[in-house]
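# Residue-level structure breakdown
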Amino acid sequence: GKKEKENLEKRTSVVLENLGQTIISDLGSLESQQDFRTPEFEEFNGKSDSLFFNDGQRRIDFVLVYEDESRKETNKKGTNEKQRRKRQAYESNLICHGLQLEATRSVLDDKLVFVKVHAPWEVLCTYAEVMHIKLPLKPNDLKNQSSAFGTLNWFTKVLSVDESIIKPEQEFFTAPFEKNRMNDFYIVDRDAFFNPATRSRIVYFILSRVKYQVMNNVSKFGINRLVNSGIYKAAFPLHDCKFRRQSEDPSCPNERYLLYREWAHPRSIYKKQPLDLIRKYYGEKIGIYFAWLGYYTQMLLLAAVVGVACFLYGYLNQDNCTWSKEVCHPDIGGKIIMCPQCDKHCPFWKLNITCESSKKLCIFDSFGTLVFAVFMGIWVTLFLEFWKRRQAELEYEWDTVELQQEEQARPEYEARCTHVVINEITQEEERIPFTAWGKCLRITLCASAVFFWILLIIASVIGIIVYRLSVFIVFSTQLKNLNGTDPIQKYLTPQTATSITASIISFIIIMILNTIYERVAIMITNFELPRTQTDYENSLTMKMFLFQFVNYYSSCFYIAFFKGKFVGYPGDPVYWLGKYRNEECDPGGCLLELTTQLTIIMGGKAIWNNIQEVLLPWIMNLIGRFHRVSGSEKITPRWEQDYHLQPMGKLGLFYEYLEMIIQFGFVTLFVASFPLAPLLALVNNILEIRVDAWKLTTQFRRLVPEKAQDIGAWQPIMQGIAILAVVTNAMIIAFTSDMIPRLVYYWSFSVPPYGNHTSYTMDGYINNTLSIFKVADFKNKSQGNPYSEQGNHTTCRYRDFRYPPGHPQEYKHNIYYWHVIAAKLSFIIVMEHLALLPRLEFIYEIRLLEQLTFDFIDSLYYIFIFYFNNIYFLFCYFLFPSTFFGANSMFSFIKFLKL
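Parameters at a glance
- Residues numbered from 1 in each chain as written.
- Predicted model: local features only at pLDDT ≥ 70, side-chain atom pairs only at ≥ 80, totals over all residues.
- Heavy atoms only, no water.
- Helix = DSSP H or I, 4+ residues; strand = E, 2+ residues; numbered from the N terminus.
- Buried < 20%, exposed > 50% of the residue type's maximum accessible area, 1.4 Å probe, protein only.
- Contact = heavy atoms within 4.5 Å.
- Areas by Shrake-Rupley, 256 points an atom, 1.4 Å probe, with all protein chains shown as cover.
- Salt bridge = Lys/Arg side-chain N within 4 Å of Asp/Glu carboxyl O.
- Pairing = 2+ DSSP bridges.
- Core = buried A, V, L, I, M, F, W, Y, C linked by side-chain atoms within 4.5 Å.
- Disulfide = S-S within 2.5 Å.
- pLDDT = per-residue confidence, 0-100.
- Axes fitted to C-alpha atoms, helices over the stretch in contact; angles between N-to-C directions.
- Parallel < 35°, antiparallel > 145°, perpendicular 65-115°, else oblique.
- Nonpolar A, V, L, I, M, F, W, Y, C, P; charged D, E, K, R; others polar.
- Phe/Tyr/Trp six-rings, centres within 6.5 Å; stacked < 30°, edge-to-face > 60°.
- Lys NZ or Arg CZ within 6 Å of the ring centre and 35° of its normal.

By the naming in an unreviewed UniProt entry, the protein goes by Anoctamin and is assigned to Aotus nancymaae.

Here you go:
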């Protein structure tokens, strides 16, 4: 009841307050304290697979590693003495809080000392109650729902993990642990009641909050701060065995070995992931990430199949591409003289030099791409809605539905809670880190810093644009002056050379800015001081993704929606900064350049991430083994083997999410320009799952298990990307590709009254879409005609829909232009409605199901009331006539209870 809840909250607050009082009562000033409780030193007993203290009874729940100051080579006496005393104070307080410590020197390096930490039963029970950890009440006797694909069990059995190797976990009904109700919990064996992951969580909770120094009312606490300051070199829980072979200890579950064999090994690449074992060994936070990544990869399979089909459609039909044939035809494209694309240095050029790029463009700018863009708009909606359902299933199966009520405040937040305020709801005193004014000031400063960095990215994008505008002139001049450049010019036009070099430079700048901003984002989030770890990660996620979004996608947005859209016409071009003439697209549009940009960034990003995530940890571990080769004959304990693995870092999983969400953006936002993007993402993700599994099980220390209810702030980010993807793909088809102008020409301008053909055709499309410009009109410029020395051309062509010279509205947009604009806007509206229709349908179905459920409950209620009322009526009538009207009274009473 309410009283029991208040008592539980009081016990929790007392325990948390005691975490910080030991230093003050026992230590006082750091320099004045002499008596510390230190761990006992024990020699290594030679059992390399042991997970226990030397007595073989107490399990090792955590390991702390430090370098003995008395044996350091660079012995700075003052600094070393301070570090030693801080460490002694910290370990003394750990012992005061009930933890048991045992120290052992390294086998390979006698300067290193390993402090093994064990939490006894009483400590585990106390903090399990404080942390609201859910533990088993009784075995779950409910039957599991049978699969809807029962006839395909033979197929799913091949893909599933062998249950004889990884046995299914027994399911329990659970409840938050309370010490005064211990008899209600399913305690068969005290040693097995708290599994190793839960034990590590509890110990890490204590390690993160125990103080080691209080000076001038400033508290210093927590293992993270001690590791960052170098007092400890590492702190980690232990792997349970080696990954290549099982432990010699018969009581060891060998979960690491099973995960490597059935999850991380390349031969298991086709199998489903053992999510329950991943969750048990690494915690729900790691488990939900791999569940999401696996589900995303499964959904990509359908998108990849459709994308490949659309790509093959374009590839097989490129020979039937009429407009490309006209570009390459010597009597059509070979006789069309195009206007110079820059001032003074750029020459007139023939349209057929873009023949090769027009053939490639036919593959991507086809009717299949239009179908695929509409399909992807529907796919992304289905993926998000189906993932919500899968996520809800995992919340129920992994018992994380009420996780928000369990999460404790971060120790960094608790240490800064110095202001006392009255809670408006409970009317009780509570401590907060800063006042409302201080919170507003912090938010303002943090928002300003984020805005500044976004402006810095935009400045870099503008720099790339200026590079494009200036280097295009150089490539135009150099490629024209080279001798024998026909084979080169066939494949490398000035536009192509500019696009490739600018994409490479853009990728390099993206990587550099990423490295800098990661640290800046962490500093800003630390300054904000979020209350819980979930709040901290969500805040950091939003900052990092906002930056990455602008950083990765800004160049793609420029090519897709700005390049070639505001160029004017040859007689009146538009200039950037009053100096650089705006870029123009190829006669076929900027779609091929956007495809090139996406290919370079996606491919380069995948290669760079694999180097960082796989190659570097492997090389570091290889170097470490090389330095330890002299002592390779010695038997090393489990804790020393794990120490020489690489640390994962608290934000390691954050970067994995960020990598996949950026890829999700490339797959959805610009997929209309690159139908093979889902296929590349599918291949990458199949490898990514196993590579991440290999890293966790073989190259990194075991992570501290953490709870997680869902994927956090990444869910609304994906929803935002999904909505934006519908708009961007519709606009790419409408404004970047030539699909809409071709359709308008085919259905309206190839036949009378606008065309001369007797039937619908694409013949004459190129001639119809290139406007005519009179070279003499260049003299409108004050410097005269800059192209008078480049031949006796009287007219040239340019990409636009304008009236020719001599027309009453010369160089104004013609009727074709307005037809195309109307068709583009109509297409965007239709595609948005088609793509968002499944989402609206899902919402409708969910609300309909809710209404049917409530109607069913109401029906049961009225049936119950009807029969109960009649039975009670008869009972009163025959046995108690004097209380005949009691039935109506009872009916009214029950109706009142319902309301």
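Here the narrative resumes.
### A short note on the overall build of the protein
Of the regular secondary structure elements, the protein holds 28 helices and 19 strands. In the protein, buried positions account for 49% of the 899 residues. Counting contacts in the protein only where the partners sit at least 6 residues apart, residues at least 24 apart contribute 76% of the total. Surface accessibility of the protein: about 45,600 Å² in total, with carbon and sulfur atoms responsible for 59%.

### Quick notes on the pattern of salt bridges
Pairs can form between side chains of opposite charge once their charged atoms are near each other. Going through the model one piece at a time under the given rule, you end up with 29 salt bridges. Residue Arg 245 is joined to Asp 49 by a salt bridge in which the shortest nitrogen-to-oxygen separation is 3.6 Å. Taken together, the positions of Arg 245 in the loop between strand E9 (234-236) and helix H8 (255-264) and Asp 49 in the loop between strand E1 (40-41) and strand E2 (62-67) put the pair 196 residues apart, joining distant regions of the chain. Here Arg 638 makes a salt bridge to Asp 642, at a shortest N to O gap of 3.0 Å. In this pair, Arg 638 and Asp 642 are both assigned in helix H21 (residues 638-643), four residues apart and thus about one turn of the helix distant. Grouping residues by exposure puts Arg 638 and Asp 642 together as buried. Each of Glu 169, Glu 255 and Lys 280 takes part in one network of salt bridges that share partners.

### Focus: the sheet that holds E2
Reading across the sheet, the five strands line up as E1-E3-E4-E2-E9 and stay open at both edges, with mixed pairing between neighbours. Every other strand in the sheet has two partners, leaving E1 and E9 as the edge strands with one partner each. Strand direction decides the pairing type here: strand E3 (residues 100-105) and strand E4 (residues 112-118), joined by six bridges, are antiparallel. Residue pairing for E4: Arg 105 is matched across the bridge by Val 113.

### Some thoughts on the nonpolar core
Core analysis: the biggest nonpolar cluster contains 146 residues, and Trp 292, Trp 379 and Phe 383 have the highest contact counts within it. Excluding residues that lie within four positions of it along the chain, Phe 383 makes contacts with Trp 292, Tyr 295, Tyr 296, Met 299, Phe 664 and Met 718. Of all hydrophobic cores here, the second largest spans 42 residues; its members include Leu 64, Ile 95, Val 115 and Leu 135.

### Comments concerning the state of the cysteines
Applying the stated rule across the entire model yields three disulfides. The disulfide partner of Cys 328 is Cys 355, and the gap between their sulfur atoms is 1.9 Å. Judged by the torsion about the S-S bond (105°), the Cys 328/Cys 355 disulfide is right-handed. A residue pair is termed long-range when its members are at least 10 positions apart, and Cys 328 in helix H11 (residues 322-328) and Cys 355 in helix H12 (residues 355-364) qualify at 27 residues. Assessed through its relative accessible area of 13%, Cys 355 is described here as buried. The structure places no disulfide on Cys 252, whose sulfur is separated from the nearest cysteine sulfur, that of Cys 241, by 4.9 Å. Judged by its relative accessible area of 9%, Cys 252 falls in the buried class.

### Topic: the environment of Leu 112
Locating Leu 112 in the fold gives a position in strand E4. For Leu 112, a relative accessible area of 5% corresponds to the buried category. Residues Leu 112 and Val 65, 47 residues apart in the sequence, show an inter-C-alpha distance of 6.9 Å. In this structure Leu 112 touches Val 65, Tyr 66, Glu 67, Thr 104, Arg 105, Ser 106, Lys 233 and Tyr 643, once residues within four positions along its chain are discounted.

### A look at the confidence of the model for the protein
Averaged over every residue, the pLDDT of the protein is 80; the share at 70 or more is 81%. For residues 22-33, every residue scores under 50 in pLDDT, and the model assigns this stretch 28 contacts once sequence neighbours within four places are set aside. The model gives residues 147-151 a pLDDT under 50, and that stretch makes zero contacts with residues more than four places away or in other chains.

### So, the environment of Ala 606
Mapped onto the secondary structure, Ala 606 falls in helix H20 (residues 591-627). Sequence spacing of Ala 606 and Ala 681 is 75 residues, and the spatial spacing of their C-alpha atoms is 9.5 Å.

### A word on helix H3 (residues 121-130)
Within H3, nine of the 10 residues are buried, which leaves the element mostly enclosed by the surrounding structure. Among the residues of H3, Trp 121, Val 123, Leu 124, Cys 125, Thr 126, Tyr 127, Ala 128, Glu 129 and Val 130 are the ones counted as buried. Residue His 132 follows H3 closely and has a positive phi angle near 55°.

### A few points about the packing of H3 against helix H6 (residues 196-207)
For the pair H3 and H6, interaxial distance at closest approach is 10 Å and the crossing angle is 80°. With respect to H6, the element H3 is oriented roughly perpendicular. Residues Val 123, Leu 124, Tyr 127, Ala 128 and Val 130 of H3 form the contact with H6, whose own contacting residues are Arg 199, Ile 202, Phe 205 and Ile 206. In terms of residue class, the contact of H3 with H6 is made up of eight nonpolar, no polar and one charged.

### Some points on the side chain of Ser 366
Along the polypeptide, Ser 366 turns up in the loop between H12 and helix H13 (367-397). Taking the relative accessible area as the measure of exposure, Ser 366 reaches 8% and is therefore buried. Leaving out residues up to four positions away in the same chain, Ser 366 has contacts with Cys 310, Tyr 313, Gly 314 and Met 739.

### Notes on the packing of aromatic side chains
One pass over the full model with this rule turns up 56 aromatic pairs. Centre to centre, the rings of Tyr 569 and Tyr 811 are 5.0 Å apart; their planes meet at 25°, and the pair counts as stacked. Taken together, the residues Tyr 569 in strand E14 (residues 568-569) and Tyr 811 in the loop between strand E19 (795-799) and helix H27 (815-879) connect sequence positions 242 residues apart. Positioned over the ring face of Tyr 66 is Arg 87, at 3.7 Å from the centre of the ring.

### Observations regarding the environment of Lys 47
Looking at the element boundaries, Lys 47 is found in the loop between E1 and E2. The sequence separation of Lys 47 and Asp 249 amounts to 202 residues, and the corresponding C-alpha distance is 9.2 Å.

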